[in-house]
Amino acid sequence: MASRKRGVETPSPGDSFQTPGKRASVYRTQNSDVSQWGIEETCHYLRGEGLGEHETAFTDHKIIGAVLRDLKKDDLEKMGIKPVGDQLRILHSLRKLGQIEEGPQTNKVFNDPIHGHVELHPLLVKVIDTPQFQRLRNIKQLGGTYFVFPGASHNRFEHSIGVGFLAGQLVKALNEKQPELLITRRDILCVQIAGLCHDLGHGPFSHMFDAKFIPKARPDISWKHEKASLDMFDHLVEKNNLKPQMEQHGLVLPEDLDFIKELIAGPMDTNVDLQSSQWPYRGRSKDKSFLYEIVANKRNGIDMDKWDYFARDCHNLGIQNNSDYRRYLKFARVCEVDGEKLICTRDKEVGNLYDLFYTRICLHKRAYQHRVCTVIETMINEAFLKADEHFLVEGSGGKMFKLSTAIDDMEAYTKLTDSVFEQILHSSNPKLAEARQILQNILQRRLYKYLGQTQAKKPLKVTQVFVSLQHFKRRQCEIQNTIRLTLRSCTKWTYSTVGGQQKNCELSNCRVCVCSISLLAKDTINKWEAELAKSVPQVGKPSVTLLAKDFVVSVIQMDYGMKQENPIDSMRFYCKTDPTKAIPIRKHQVSKILPENFAEQLIRVYYKKTDGEGLGTAQKHFIQWCINKDFIKPQDGDVIAPELTPLKTSWSDGKEDDGGDDNLDCRRLNQKAVKSLFKDQA
């Protein structure tokens, strides 16, 4: 056997081919804390980077490590370094300072079911290891959906880690492909922290808390979880004394704290006009505008938050995910559009982006807005409202807060998680009896009964606010923030003259503007519930008398993320032949089988009681109500009330016009014109 073993050859000193060993860093002998470098260490770094010819300029201007990372092109110009090529070489080398090892600290690895092995910076780990972030372990990503989809047990904790990771991946990919963007180590860390902390403000059962509970419990305020995320982030930093550690890792405070919060929720100044030419952000200048599209993209909604939760939710729900975030990372590129740097993607990826938003609408229809998920969250919300006055949590200074007022104190809000459900359920407080009974009904599946779903032939009319042009311009941003007014990019507006005649005019010439506001009157739902109780069927005599309180009406908006607008219209693309030029790609350039409409409104009705006789009567009331309101015929209308549906002619002859397409009349007119044209030619 010994003869079969290969002998070990000892290479002679003269051998020219040797296996290269691991190359040691040129800078490892230096102080790893760049901020402590003196002039000599700075010059040593320049020599190691092949930039020794500029040592004199750095020495003459006494450039030390403390300011090294913050040098910009203007600074190099003042130092006498004129050639643009030399400036870019120096700035590119300075960016690599963030890659120098920082003492014994190493990144931490998380094994994520979606992204695999996720490696995070030590500062991000410090943020994760705080009570405020760990709280997210106990908040379900999909709220009450878990009661319907057993796999939807994932929490905001893992989603936040995923967004932090993907945000870092995107900004690093841009940095690698386009060094001229001058993305710094500070930029990368801030973007990652923003991704990590963007959902800190979610309450129990996620969107149920800010979309259903707070609006009913405190109708006098406008509150969203994004605001709470900013408050909780400030609380997290202060409570855990993270500022020194942030500075140790190179962040500049308070500038970078403002930047992180702007990445999460937009401009700090809520009165700023996003449509104006003035740059609204404080954290970074306009040449870094693309960074604001990574975590929460206000332009078209394509951001790392969506890419993560689509992949994660589909995985846990068992729903096919048709979008691929890896291709987006591969083809993302920054291009300049109208003086602003935007994240664009390859023209061939437009189909992938349509898949992204189709996945969004599928998730809403099949899971997020599933009819049973909706009623369970409605019941949880009712239980919380009944418990509000009697369920108290301790906040700052020992002060006690209700469920609805805990949002005013982050110490108290930290204690609000999905565990509120269990605490109420197992409480012995007699004042919580009603709330406790509702939660018990959920667990024992005694749910409100689904009566059916319908649609108005046209989306429900929105409130119209008549304001003068001067007043509108002054109040524009406040209106946007309070009632989410979506301004159109076009300059044409409808206005009303003194005589009441509607005309189109240039915005600058308007005397009075009519602004459409997406706001459903608060009493509309109550009015409909009363109408349902009074909608006694025209045929047959009901055996049960129903009341308005027996019904629950839920109005659900489903869209591609930008109300009626196509979000892809706000995206820009580049071609292989010229990757520096950004172009729009319109829907008709992609395919003729893409959706005509990008939003719809559903009206669902539930019956609170579970008795069989009352349920049958309630179903007939619902069908009669749809007839009275001239709504779309419910899909199962012929099954639950066959004696009623023939009473409405348009329902029985199958020629019902859905009225949902604003361009329907126009298209019919065009079809008639085409037929007439060919008829004349014949």
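Residues numbered from 1 in each chain as written. Predicted model: local features only at pLDDT ≥ 70, side-chain atom pairs only at ≥ 80, totals over all residues. Heavy atoms only, no water.

*Asks:* For the pairing of strand β4 (residues 340–346), give the residues involved together with the corresponding values.
*Replies:* With respect to burial, β4 is a largely interior element, 5 of its 7 residues being buried. With 5 bridges connecting them, strand β3 (residues 333–337) and β4 associate as antiparallel partners. In the strand pairing of β4, Glu-336 is matched with Lys-341. Turn length for the β3-β4 hairpin, with the two strands adjacent in sequence and antiparallel, is 2 residues, and the turn residue Asp-338 shows positive phi of about 55°. (Buried < 20%, exposed > 50% of the residue type's maximum accessible area, 1.4 Å probe, protein only. Helix = DSSP H or I, 4+ residues; strand = E, 2+ residues; numbered from the N terminus. Pairing = 2+ DSSP bridges.)

*Asks:* Describe in detail the sheet that holds strand β13 (residues 573–574), supporting the description with residues and values.
*Replies:* An order of β3-β4-β13 is seen for the 3 strands of this open sheet, with the pairing classed as mixed. Looking at strand neighbours, the two that pair on one side only are β3 and β13, the edges of this open sheet.

*Asks:* Give me the lowdown on helix α9 (residues 185–197), citing residues and values where you can.
*Replies:* Spanning 13 residues, α9 covers 18 Å between terminal C-alpha atoms, matching the ideal 18 Å at 1.5 Å per step. By the criterion of burial, α9 is predominantly enclosed, with 13 of the 13 residues buried. (Expected span 1.5 Å × (residues − 1).)

*Asks:* Lay out the nonpolar core with the relevant residues and their values.
*Replies:* Core analysis: the largest hydrophobic core is formed by 124 residues, its most contacted members being Ile-294 and Met-304. Residues within four places of Ile-294 in sequence aside, it is in contact with Ala-167, Leu-170, Val-171, Val-191, Asp-303, Met-304 and Ile-343. Counting residues in each nonpolar core, the second largest holds 23 residues, with Leu-546, Ile-603, Phe-622 and Phe-631 among its members. (Core = buried A, V, L, I, M, F, W, Y, C linked by side-chain atoms within 4.5 Å. Contact = heavy atoms within 4.5 Å.)

*Asks:* An account of unusual backbone geometry is needed here, citing residue identities and associated values.
*Replies:* Excluding glycine, residues mostly have negative phi values, and the peptide bonds linking residues are mostly trans. Omega for the peptide link from Leu-253 to Pro-254 comes to 5°, which places this bond in the cis form. Mapped onto the elements of the fold, Pro-254 is located in the loop between α12 (243–248) and α13 (255–265).

*Asks:* Can you explain the packing of aromatic side chains? Please cite residues and give values.
*Replies:* Under the counting rule described, the total for this entry stands at 24 aromatic pairs. When the centroid spacing of 6.2 Å and the interplanar angle of 40° are considered together, the rings of Phe-209 and Tyr-413 count as tilted. In this pair, Phe-209 sits in helix α10 (residues 207–217) while Tyr-413 sits in helix α18 (residues 410–413), placing the two residues 204 residues apart along the sequence. Phe-209 sits in the buried class, given a relative accessible area of 1%. (Phe/Tyr/Trp six-rings, centres within 6.5 Å; stacked < 30°, edge-to-face > 60°.)

*Asks:* Kindly report on the environment of Phe-310, identifying the contributing residues and their values.
*Replies:* Positionally, Phe-310 belongs in helix α14 (residues 304–317). The class of Phe-310 is buried, set by a relative accessible area of 0%. Through-space distance from the C-alpha of Phe-310 to that of Asn-322 is 9.5 Å; in sequence the pair is 12 residues apart.

*Asks:* Report on the sheet that holds strand β7 (residues 449–454), specifying residues and quantitative values.
*Replies:* The 3 strands are arranged β7-β14-β12 in an open sheet whose pairing can be described as antiparallel. The outermost strands of the open sheet, each flanked by one partner alone, are β7 and β12 (551–559). Averaged over all pairs of adjacent strands, the angle between strand axes in this sheet comes to 25°, irrespective of strand direction. Relative to β12, helix α16 (residues 350–368) is tilted by about 170°, and along the sheet it contacts β12 and β14 (599–607). Packing against the sheet, helix α17 (residues 371–387) makes contact with β7, β12 and β14, and its axis sits at approximately 65° to β14. (Axes fitted to C-alpha atoms, helices over the stretch in contact; angles between N-to-C directions.)

*Asks:* Describe the confidence of the model for the chain, naming the residues involved and giving the relevant values.
*Replies:* When the pLDDT values of the chain are averaged, the result is 83; 79% of them are 70 or greater. When the elements of the chain are averaged for pLDDT, strand β11 (residues 512–517) gives the smallest value, 33, and helix α7 (residues 131–134) the largest, 98. Counting interchain partners and residues more than four positions distant, the pLDDT-below-50 stretch residues 462–519 has 91 contacts. Long-range and interchain partners of residues 660–670, a stretch whose pLDDT sits below 50, account for 8 contacts in this model, where long-range means more than four residues apart. (pLDDT = per-residue confidence, 0-100.)

*Asks:* So what about the pattern of salt bridges? Which residues, and what values?
*Replies:* Enumeration over the complete set of coordinates arrives at 34 salt bridges. Residues Asp-187 and Lys-288 are paired through a salt bridge, measuring 2.7 Å at the closest nitrogen-oxygen approach. Taken together, the residues Asp-187 in helix α9 and Lys-288 in the loop between α13 and α14 connect sequence positions 101 residues apart. Its relative accessible area of 1% is what places Asp-187 among the buried residues. (Salt bridge = Lys/Arg side-chain N within 4 Å of Asp/Glu carboxyl O.)

*Asks:* Account for the packing of helix α8 (residues 156–177) against α14, with residues named and values stated.
*Replies:* Running from N to C, α8 and α14 point in directions that differ by 130°, and their axes come no closer than 9 Å. Judged by the inter-axis angle, α8 sits oblique to α14. In this structure, α8 crosses over α14, and the sense of that crossing is right-handed. In this structure, α8 contributes Glu-158, His-159, Gly-162, Val-163, Leu-166, Ala-167 and Leu-170 to the contact, and α14 contributes Met-304, Asp-305, Trp-307, Asp-308, Tyr-309 and Arg-312. In the contact of α8 with α14, the residues fall into 7 nonpolar, 2 polar and 4 charged. (Parallel < 35°, antiparallel > 145°, perpendicular 65-115°, else oblique. Left-handed = near helix turned anticlockwise from the far one by under 90°. Nonpolar A, V, L, I, M, F, W, Y, C, P; charged D, E, K, R; others polar.)

*Asks:* Tell me about the environment of Gly-201, residues and numbers included.
*Replies:* As for its position among the elements, Gly-201 is in the loop between α9 and α10. Considering only alpha carbons, one finds Gly-201 and Glu-226, 25 residues apart in sequence, at a separation of 6.2 Å.

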